[in-house]
Amino acid sequence: MGRLSAIVRELEPDWIIVQNVMDSGSLAALSQEPRVIHVIQDHRIFCPGRGKVLPDGAPCDEPQGPQCDRCFRDDGELDVARRDVRRELVRSRLDAFGDRARAVVLSEYMR
């Protein structure tokens, strides 16, 4: 993502507000930029399942991990493969987000 970082440096903005960036490479590049603020408006970046809602409708307050398996039906190999892909996507996004990223959430629920 060197090109993205180069564009940010070339433009020299005061701030860059980004939202719904799902590509891990772009997230990693943007998260390293000191002038980038991520707006988190939904759970897709960090929830592989039902948007932080458990199958019984109760809110989920646990971080992404093996416990997320309960949000996927066990309908055979296809669902297991889909679950594993979605969990890996979320893991790669969280890793790309890193510890330098700045984020704003739009509600107490999202926090």
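Details of the structure are given in the entry above.
Summarised in this report is the structure supplied together with it. Remember, predicted model here, so these are calculated numbers, not experimental data.

Rules of the game
Residues numbered from 1 in each chain as written. Predicted model: local features only at pLDDT ≥ 70, side-chain atom pairs only at ≥ 80, totals over all residues. Heavy atoms only, no water. Helix = DSSP H or I, 4+ residues; strand = E, 2+ residues; numbered from the N terminus. Buried < 20%, exposed > 50% of the residue type's maximum accessible area, 1.4 Å probe, protein only. Contact = heavy atoms within 4.5 Å. Disulfide = S-S within 2.5 Å. Pairing = 2+ DSSP bridges. Axes fitted to C-alpha atoms, helices over the stretch in contact; angles between N-to-C directions. Polar contact = N/O pair within 3.5 Å; in protein donor to acceptor, adjacent residues only side chain to side chain.

## Things to note about the environment of I45
Then, in step 1: With respect to the helices, strands and loops of the structure, I45 is situated in the loop between β2 (36-40) and α3 (77-97).
Then, in step 2: Here I45 falls in the buried class, since its relative accessible area comes to 7%.
Then, in step 3: Sequence separation of I45 and Q64 is 19 residues, and the distance between their C-alpha atoms is 10 Å.
Then, in step 4: Other than its neighbours up to four places away in sequence, I45 contacts V21, M22, L27, I40, V90, R93, L94 and F97.

## Observations concerning the state of the cysteines
Then, in step 1: Tallying each qualifying case throughout the model produces zero disulfides.
Then, in step 2: Between C47, a cysteine without a disulfide, and C68, which holds the nearest cysteine sulfur, the sulfur-to-sulfur distance is 6.1 Å.
Then, in step 3: Looking at C47, the relative accessible area reads 13%, which means it is buried.
Then, in step 4: We note that C60 lacks a disulfide partner, and the nearest cysteine sulfur, in C71, lies 6.0 Å from it.
Then, in step 5: Under the relative-accessibility criterion, C60 is labelled buried at 18%.

## As for the sheet that holds strand β3 (residues 102-105)
Then, in step 1: Read from one edge of the open sheet, three strands run β1-β2-β3, paired in parallel fashion. Strands with a single pairing partner mark the edges of an open sheet, and in this sheet they are β1 (16-19) and β3. Neighbour-to-neighbour, the strand axes of the sheet open up by a mean angle of 30°, direction not taken into account.
Then, in step 2: In terms of strand pairing, β2 meets β3 through four bridges, oriented parallel. Bridge pairing in β3 places V39 opposite V104.

## Overview of unusual backbone geometry
Then, in step 1: Even without being a glycine, N20 presents a positive backbone phi close to 60°.
Then, in step 2: By the element assignment, N20 lies in the loop between β1 and α2 (24-32).
Then, in step 3: Residue N20 is classed as partly exposed on the basis of its relative accessible area of 34%.
Then, in step 4: Phi at K52 takes a positive value of approximately 65°, unusual for a residue other than glycine.

## Considerations on the environment of D42
Then, in step 1: Relative to the assigned elements, D42 resides in the loop between β2 and α3.
Then, in step 2: Residue D42 is classed as partly exposed on the basis of its relative accessible area of 22%.
Then, in step 3: Expressed as a C-alpha distance, the spacing of D42 and S107, which sit 65 residues apart in the sequence, is 10.0 Å.
Then, in step 4: Once residues within four sequence positions are removed from consideration, D42 is found in contact with N20 and M110.

## Here we look at α2
Then, in step 1: Considered for burial, the residues of α2 that qualify are S26, L27, A29, L30 and S31.
Then, in step 2: Taking the backbone nitrogen of G25 as reference, a side-chain oxygen 3.3 Å away marks D23 as the first, capping residue of α2.

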